Each structure stands twice: as C-alpha cells, then as structure tokens.
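Spelled out from the first residue to the last, the chains are:
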Amino acid sequence: MKFTDSPVIELKVRDKTLAIEQDNGSMHVGTSVWPCSLVLVKFLERWLLSNSSSSSSSSSSSTTPKPYTHLLNFSGKKAIELGCGCGPAGMGLILLGLENIILTDIIPVMPALKRNLKRNKPVLGKNLKISQLYWNNLNQIKTLNPPFDFVIAADVVYIEESVGHLVSAMESLVSDTGFILLGYQIRSPEAHKLFWELCENVFVIEKVPHEDLHPEYAYEEADVYVMKKKMAN
C-alpha cells in the first residue's frame, strides 16, 4: 500500500518546506515517499526545537537532562543515509543541521533522487552528496570512507534476501560511538523477523516510545529506533 497517491509530498522542517516529487507507478519502491522517512525527521525536529526552547526559556534547564540530546548534536558530525529513495529524510536532516551527509541508493532510483535535489536546492541552499550503494558491495562501502557518526535509514526492510546485507552494511558504516537512526514499519513478516534477529547480535536497540514522536506524525504502524554497536567485553 502506498502512503499517498499525491504526486508531490510537502514536508515542513523548521521554517522551510520541502516539496518531494514521487512516482508511485514506477517499478522501484525508492521512487515513492514512504511515511517512515517523514516520521523520523519530525521526531528529531520535535526534540531539537523542544530542547532549544527549554534552554532559552529557563536558566535552571541547563541542569535538567533533556531528552535525546545525544542524538541532536549534529555539529561537525558525518552521516550517511541508506536507501534514501526520493531523499526526504536526508533533505530534512540537512535542514535540522546535519550538513555533512551522503545520500545513497541503487542506480535505478538515482534519477528520482537527483530530480528532487534539484527541485529543492533553493530550500536546501546547497548541493548534497550522493552515491550509488548496493549493500553487498564491499568496495562501494569502503569508497564511502567510513565510519560515520550517524547512519540513517527509513523503510528499508522489506525483502528478506537483502536483510543480511543491510545489517552488515550498517555495522560496517557506523562508528563505535555512532548511532543508527531507523524509521521502521513492518513490510514483510519474514524480513522483519530476520532483521531483528541479526540486529540483536550486533547492536544495542532502543525503541522510541510512540508518545515521543511528533504528534502529527505518530502513525500507528511506524516506529523509530536508535541503535548502537555492542562493545566487546
């Protein structure tokens, strides 16, 4: 099921609006805008703005722990998005301050990504880095010059055969102190089961409570996870 048939999806991030063109009729799922990418961006925006406003409104707030602060320090950080599709998550994160990010996907999806980057360049104010990436291509992974502080992925778990390659790519790309930010929805029971079995072997997994999602983007079927590498004893 497609998220919406509208040819253009608008996503407001801070005071700017992205307009993402999609093609639901193509043969590739990456040319559609799937909800988890929007959910992920709006979750981060909610807490970035909330923490920023609490810091400026109360002198005592500096001593009070702020939710998700560890995920919101984007300054000087290096990020990569896997299976970026039309680019909504990556573009949204640029507007939230995560400026050093590479958007990756397979060759057939690149035209849709390039169209959307060109369309939104006036909003983004810059050219974004893009790269072809097949998760089982170790040479491509090496060329991207890991590790990364953030590995971003949204709605990428839907084919059981690709799950092992995806988890391996995540493990190879994220730094020992970095975070995987995952927008997630069950698309295939088989892929879902295998994905979490493999992730539990290599990552510490935290599921964001639904009440912490952006209230306008807290879709019942969509979740956000934060993962870190398990450290060897």
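Residues numbered from 1 in each chain as written. Predicted model: local features only at pLDDT ≥ 70, side-chain atom pairs only at ≥ 80, totals over all residues. Heavy atoms only, no water.

*Asks:* Please set out the packing of aromatic side chains residue by residue, giving values where relevant.
*Replies:* Under the defined criterion, the tally for this structure stands at 10 aromatic pairs. Relative to F150, the ring of F74 has its centre 5.6 Å away and its plane inclined at 80°; by these criteria the two rings are edge-to-face. Placement of F74 in the loop between α1 (35-57) and β3 (78-82) and of F150 in strand β6 (residues 148-154) is noted, with a sequence separation of 76 residues between them. In this structure an aromatic cluster arises from ring pairing among Y184, F195, W196 and Y225. The lysine or arginine in question, K78, covers the ring of F148, its NZ or CZ lying 4.7 Å from the ring centre. (Phe/Tyr/Trp six-rings, centres within 6.5 Å; stacked < 30°, edge-to-face > 60°. Helix = DSSP H or I, 4+ residues; strand = E, 2+ residues; numbered from the N terminus. Lys NZ or Arg CZ within 6 Å of the ring centre and 35° of its normal.)

*Asks:* So, the state of the cysteines: which residues are in play, and what are the values?
*Replies:* Within this structure, the stated rule accounts for 0 disulfides. No disulfide involves C36; its sulfur sits 14 Å from the nearest other cysteine sulfur, which is in C86. Taking relative accessible area as the criterion, C36 reaches 1% and is therefore assigned buried. (Disulfide = S-S within 2.5 Å. Buried < 20%, exposed > 50% of the residue type's maximum accessible area, 1.4 Å probe, protein only.)

*Asks:* Give a description of a nonpolar patch on the surface that names residues and reports values.
*Replies:* Taken together, the side chains of V29, Y158 and I159 make up a nonpolar region of the molecular surface, amounting to roughly 230 Å² of accessible area. As for its placement among the helices and strands, I159 is situated in the loop between β6 and α6 (160-173). By relative accessible area, I159 is classed as partly exposed at 38%. (Patch = residues over 30% accessible without salt bridge, like charges linked within 9 Å, V, L, I, M, F, W, Y side chains within 5 Å. Areas by Shrake-Rupley, 256 points an atom, 1.4 Å probe, with all protein chains shown as cover. Salt bridge = Lys/Arg side-chain N within 4 Å of Asp/Glu carboxyl O.)

*Asks:* Can you tell me about the environment of E197, naming the residues and giving the values?
*Replies:* With respect to the helices and strands, the residue E197 is situated in helix α7 (residues 189-202). Among the residues examined, E197 registers a relative accessible area of 37% and is labelled partly exposed. Separated by 79 residues in sequence, E197 and K118 place their C-alpha atoms 39 Å apart.

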